[in-house]
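# Inside the fold
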Amino acid sequence: MDTSLRYRRFAEVEAKGNSATYEQWCTAIADDPDVLALIERLPEPRRQPNLVLGASRHLGAPAGTYASFREWQLHHWRGVEELARARTTQTNKAGRTAVLLPILGLLPGPLSLIEVGASAGLCLYPDHCRYLYDGHRPVHPTGGPSPVLLHCTTTGEPPIPDGVPTVAYRAGIDLNPLDVTDPADMRWLDSLVWPEQDQRRQRLLAAAEIARTDPPHLIGDLNSAIADLVRQVPPQTTVVVFHSAVLNYLSPEARASFVATVQSLPCRWIANEGVGVLPDITAKLTRTPEQLRGKFVVSLDGEPGRWPAAMGNPSTG
Ligand SMILES: C[S@@+](CC[C@H](N)C(=O)[O-])C[C@H]1O[C@@H](n2cnc3c(N)ncnc32)[C@H](O)[C@@H]1O
């Protein structure tokens, strides 16, 4: 995609309403040939606003006006480029667990959770979070108070459970797993949180604190690792393979191959992906992709269903 258009779209669709700083920077970058020329030194997949801006902030770009960011960027581009070539966008949003919980609550426990594209694995602890769904009683973890409180607005009538599921086993798959016990990895995750999103930053730190008490087992590439992992879980558990904001990183062929594999395995499958990422699921929606632009669609075993499918969560949520 044209880089200018990519930054303009990011400003309008993703940053707007979520980060005034990123909205302002990306709108200005879209019209700034000098900065665009620097970004275009990167291979096309690495020109993502999230990656370039995350790398810049990691190295100290001031979260202020575009003029000060621009000046910083022009002087520090070499370091930004090096970091953007070495790292990937692996934003790990524990908040996505709030969208998964209602579906997990429909499944018979105990559960064996396998998250595909887990990043640092922060969404693998649904049983350790507290949840506040609007208009519903709070859902508390069984093991005592949690530092992770997830607020979630809802539409329709999602099946909010009374309690958290029992989790017998958790593991994840990631091409480049991040280690919750490694300060450098955690600092990178922190740099991927957008400037104004202090609540998300606090949630990230709190979720990492939980994960550090029992770090998840994280391995490999999703298409080569998933079948073996599903077969290794403890018996007498419901195996749940889930993923959020991952399949858009794959080619259409690799996506289709993953879907065919996961549907052939003895597991339940929860997909939480941007609208349009899984064409068969998109085709089952009652609203058009255009009406759902910028939303995610959550599905169970390939069915968006009436219930949590209505809980389209913003990709930045
Ligand atoms: C945007 S992050 C989302 C992380 C997490 N699912 C969440 O919602 O917070 C996407 C993750 O998918 C991983 N990923 C991309 N392609 C992959 C593949 N082929 N196999 C395994 N992981 C992959 C990336 O390394 C990255 O950590």
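Residues numbered from 1 in each chain as written. Predicted model: local features only at pLDDT ≥ 70, side-chain atom pairs only at ≥ 80, totals over all residues. Heavy atoms only, no water.

### Regarding the site of the ligand
- Around the ligand sit 18 residues in total, of which Gln90, Lys93, Arg96, Gly117 and Asp174 are the nearest.
- A distance of 2.7 Å separates an oxygen atom of the ligand from a polar atom in the side chain of Arg96.
- Residue Asp174 places a side-chain N or O atom 2.6 Å away from an oxygen atom belonging to the ligand.
- When isolated, the ligand has an accessible area of 600 Å², and the protein chains bury 94% of it.
- Residue composition of the shell around the ligand, grouped by class: six nonpolar, seven polar and five charged. (Near = heavy atom within 4 Å. Polar contact = N/O pair within 3.5 Å; in protein donor to acceptor, adjacent residues only side chain to side chain. Areas by Shrake-Rupley, 256 points an atom, 1.4 Å probe, with all protein chains shown as cover. Nonpolar A, V, L, I, M, F, W, Y, C, P; charged D, E, K, R; others polar.)

### Details of the pattern of salt bridges
- A complete count under the given rule lists twelve salt bridges for this structure.
- Between Arg85 and Glu81 there is a salt bridge, and its shortest N-O distance comes to 3.1 Å. With Arg85 and Glu81 both in helix H5 (residues 66-86), this residue pair falls four residues apart, about one helical turn.
- We classify Arg85 as partly exposed; its relative accessible area is 40%.
- A relative accessible area of 14% places Glu81 in the buried class.
- Beyond isolated ion pairs, a larger network of salt bridges with shared partners links Asp32, Asp34 and Arg70. (Salt bridge = Lys/Arg side-chain N within 4 Å of Asp/Glu carboxyl O. Helix = DSSP H or I, 4+ residues; strand = E, 2+ residues; numbered from the N terminus. Buried < 20%, exposed > 50% of the residue type's maximum accessible area, 1.4 Å probe, protein only.)

### Comments concerning H5
- For H5, with 21 residues, the first-to-last C-alpha span of 25 Å runs short of the 30 Å given by 1.5 Å per residue.
- The largest bend in H5 is about 75 degrees, located at His76.
- Three or more residues of H5 are buried, namely Tyr66, Phe69, Trp72, Gln73, Trp77, Val80, Glu81, Leu83 and Ala84. (Expected span 1.5 Å × (residues − 1). Bend = angle between axes of the 7 residues up to and from the residue.)

### Some remarks on the state of the cysteines
- Enumeration over the complete set of coordinates arrives at zero disulfides.
- There is no disulfide at Cys123, and the cysteine sulfur nearest it, in Cys129, is 8.5 Å away.
- For Cys267, which is in no disulfide, the shortest distance to another cysteine sulfur is to Cys123 and amounts to 18 Å.
- Assessed through its relative accessible area of 14%, Cys267 is described here as buried. (Disulfide = S-S within 2.5 Å.)

### Re the pairing of strand S8 (residues 296-300)
- In terms of burial, S8 is a largely internal element, five of the five residues being buried.
- What you see with S8 is no split at all: Phe296, Val298 and Leu300 on one side and Val297 and Ser299 on the other are buried throughout.
- With five bridges connecting them, strand S7 (residues 268-274) and S8 associate as antiparallel partners. Looking across to S8, one finds that Glu273 is bridged to Val297. (Pairing = 2+ DSSP bridges.)

### Considerations on the environment of Glu290
- Within the secondary structure, Glu290 is located in the loop between helix H11 (279-282) and S8.
- Take Glu290: its relative accessible area is 57%, and that puts it in the exposed class.
- Sequence separation between Glu290 and Gly276 is 14 residues; the distance between their C-alpha atoms is 9.7 Å.

### Comments concerning the packing of aromatic side chains
- Under the defined criterion, the tally for this structure stands at six aromatic pairs.
- Arranged with centres 3.9 Å apart and planes meeting at 20 degrees, the rings of Trp25 and Phe69 form a pair that is stacked. With Trp25 in helix H2 (residues 20-29) and Phe69 in helix H5, the pair connects residues that are 44 residues apart, well separated along the chain. The burial state of Trp25 is the same as that of Phe69; both residues are buried.
- Every member of this aromatic cluster is reached through a ring pair, and the members are Phe10, Tyr22, Trp25, Tyr66, Phe69 and Trp194. (Phe/Tyr/Trp six-rings, centres within 6.5 Å; stacked < 30°, edge-to-face > 60°.)

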